[in-house]
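Chains, contacts and geometry: an overview
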Amino acid sequence: GAVVSQHPSWVICKSGTSVKIECRSLDFQATTMFWYRQFPKQSLMLMATSNEGSKATYEQGVEKDKFLINHASLTLSTLTVTSAHPEDSSFYICSASLAGVVKNEQFFGPGTRLTVL
Amino acid sequence: EDQVTQSPEALRLQEGESSSLNCSYTVSGLRGLFWYRQDPGKGPEFLFTLYSAGEEKEKERLKATLTKKESFLHITAPKPEDSATYLCAVQAGGSQGNLIFGKGTKLSVKP
């Protein structure tokens, strides 16, 4: 199956600092990548959809100036949490779509646990 | 509004005790329904995609079925290693491909 990696797997930072999370598709090219957030005992909530070479599409209620997404290549998307605050602490998960190869399937990364002190 | 509801929230089974998990959905034009397994602290692991009512797919002890309103994940003779949270998600027609997830069913299988 398709493999998606994320780095780092966990990060602890001080309030007010910025954190960058990388999402890579290791053995396929992903024209579309998705960023989700998951709070404890809650389901995955879509934050934004990222298409290679274009601006990300953010879901309602997600601040695009706070959560910067860059999809610079067909195998890499990054999420930067700017001026992080404790309420941003969550489990961030990316996925990559194989649309056009295997119909509509998405494969997920292992997630990044962000803790903001 | 597109919505996915999973039940029960939690399910405890004895090893070998078969059962089913339910996923009810309302979506404008279903493009696909997905089942994932998620272990604590990890990303979802893909299990199945179902595209049309009447479709069934099997993988080891798991079998997924789909109707126009719901999907079932049947677990036959589960083992402790099947313990995980099982997530159901739908993809709506006209979307960019993003998934709408249910809250999941946490399955615990006791030896």
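The structure presented is a predicted model; accordingly, all values stated were derived computationally and were not measured. (Residues numbered from 1 in each chain as written. Chains lettered and ligands numbered in written order. Predicted model: local features only at pLDDT ≥ 70, side-chain atom pairs only at ≥ 80, totals over all residues. Heavy atoms only, no water.)

Let us now look at the overall build of chain B. Across its full length, chain B holds 0 helices and 11 strands. Here the C-alpha radius of gyration of chain B, 13 Å, is about what a compact globule of 111 residues would show, namely 13 Å. The principal-axis extent of the C-alpha atoms belonging to chain B is close to 45 × 30 × 20 Å. The buried share among the 111 residues of chain B stands at 46%. The long-range share in chain B, meaning contacts at least 24 apart out of those at least 6 apart in sequence, stands at 55%. Of the side-chain charges in chain B, 14 are positive and 14 negative, and the distance between the mean point of each set is 2 Å. (Helix = DSSP H or I, 4+ residues; strand = E, 2+ residues; numbered from the N terminus. Rg over C-alpha atoms; globule rule 2.2 N^0.38 Å. Buried < 20%, exposed > 50% of the residue type's maximum accessible area, 1.4 Å probe, protein only. Contact = heavy atoms within 4.5 Å. Lys, Arg positive; Asp, Glu negative; His and termini not counted. Charge placed at Lys NZ, Arg CZ, Asp CG, Glu CD.)

Glancing now at the nonpolar core. Ranked by size, the top nonpolar core spans 41 residues in total, and within it A:Tyr36, A:Phe108, A:Leu114, B:Tyr36, B:Leu99 and B:Phe101 carry the most contacts. A per-element tally of this core places strand E9 (residues 90-97) of chain A first, with 5 residues. If we ignore the near neighbours within four places in the chain, the residues touching A:Leu114 are A:Val11, A:Cys13, A:Val19, A:Val81, A:Asp88, A:Ser89, A:Ser90 and A:Tyr92. (Core = buried A, V, L, I, M, F, W, Y, C linked by side-chain atoms within 4.5 Å.)

Next up on the list: the state of the cysteines. All names here are of chain A. Under the counting rule described, the total for this entry stands at 2 disulfides over all chains. Across the disulfide from cysteine 23 sits cysteine 94; the S-S distance is 2.0 Å. Judged by the torsion about the S-S bond (80°), the cysteine 23/cysteine 94 disulfide is right-handed. Taken together, the positions of cysteine 23 in strand E3 (residues 19-25) and cysteine 94 in strand E9 put the pair 71 residues apart, joining distant regions of the chain. With relative accessibility at 0%, the residue cysteine 23 sits in the buried group. Cysteine cysteine 13 is unpaired, with the sulfur of cysteine 94 as its nearest cysteine sulfur at 18 Å. (Disulfide = S-S within 2.5 Å.)

Our focus in this paragraph is the interface of chain A and chain B. Counting from both sides, the interface comprises 21 residues of chain A and, opposite them, 20 residues of chain B. Taking both partners together, chain A and chain B bury about 1,600 Å²; carbon and sulfur atoms supply 52% of that area. On inspection of chain A and its partner chain B, the count reaches 0 salt bridges. For the pair chain A and chain B, the interface holds 5 residue pairs in polar contact (both at pLDDT 80 or more). Of all the secondary-structure elements, those providing two or more residues to the side of chain A that touches chain B are strand E4 (32-38), strand E5 (44-51), E9 and strand E10 (106-108) of chain A. Among the residues making up the side of chain A that touches chain B, the classes are represented as 9 nonpolar, 10 polar and 2 charged. (Buried area = accessible area lost by both parts, 1.4 Å probe. Salt bridge = Lys/Arg side-chain N within 4 Å of Asp/Glu carboxyl O. Polar contact = N/O pair within 3.5 Å; in protein donor to acceptor, adjacent residues only side chain to side chain. Nonpolar A, V, L, I, M, F, W, Y, C, P; charged D, E, K, R; others polar.)

Of the voids in this model, the largest pocket is the one considered here, and its volume is about 770 Å³. As for the largest pocket, its lining consists of 27 residues, of which A:Lys41, A:Gln42, B:Thr85, B:Lys103 and B:Lys106 are closest to the centre. If you list the elements that add at least two residues to the lining of the largest pocket, you get strand E1 (3-7), strand E9 (84-92) and strand E11 (105-110) of chain B. Of the residues belonging to the lining of the largest pocket, the class tally is 9 nonpolar, 11 polar and 7 charged. Looking at the second largest pocket, its volume works out to about 590 Å³. As for the second largest pocket, its lining consists of 21 residues, and the residues nearest its centre are A:Leu44, A:Met45, A:Leu46, B:Ile100 and B:Phe101. Breaking the lining of the second largest pocket down by element, the ones donating at least two residues are E5 of chain A together with E1 and strand E10 (100-101) of chain B. Sorting elements by how many residues they give to the lining of the second largest pocket places E5(A) first, with 4 residues. Residue composition of the lining of the second largest pocket, by class: 10 nonpolar, 6 polar and 5 charged. (1 Å grid on protein atoms, 1.4 Å probe; cavity = no way out; pocket = protein on both sides within 12 Å on 5 of 7 lines; lining within 4 Å. Points joined across faces, edges and corners; volume = space filled by probe spheres on them.)

Our focus in this paragraph is the pairing of strand E1 (residues 4-7) of chain A. All names here are of chain A. Alternating positions in E1 separate cleanly, Val4 and Gln6 being buried on one face and Ser5 and His7 remaining unburied on the opposite face. For E1 and E3, the ladder comprises 4 bridges, and the chain directions are antiparallel. Looking at the pairing, histidine 7 lines up with glutamate 22 of E3. (Pairing = 2+ DSSP bridges.)

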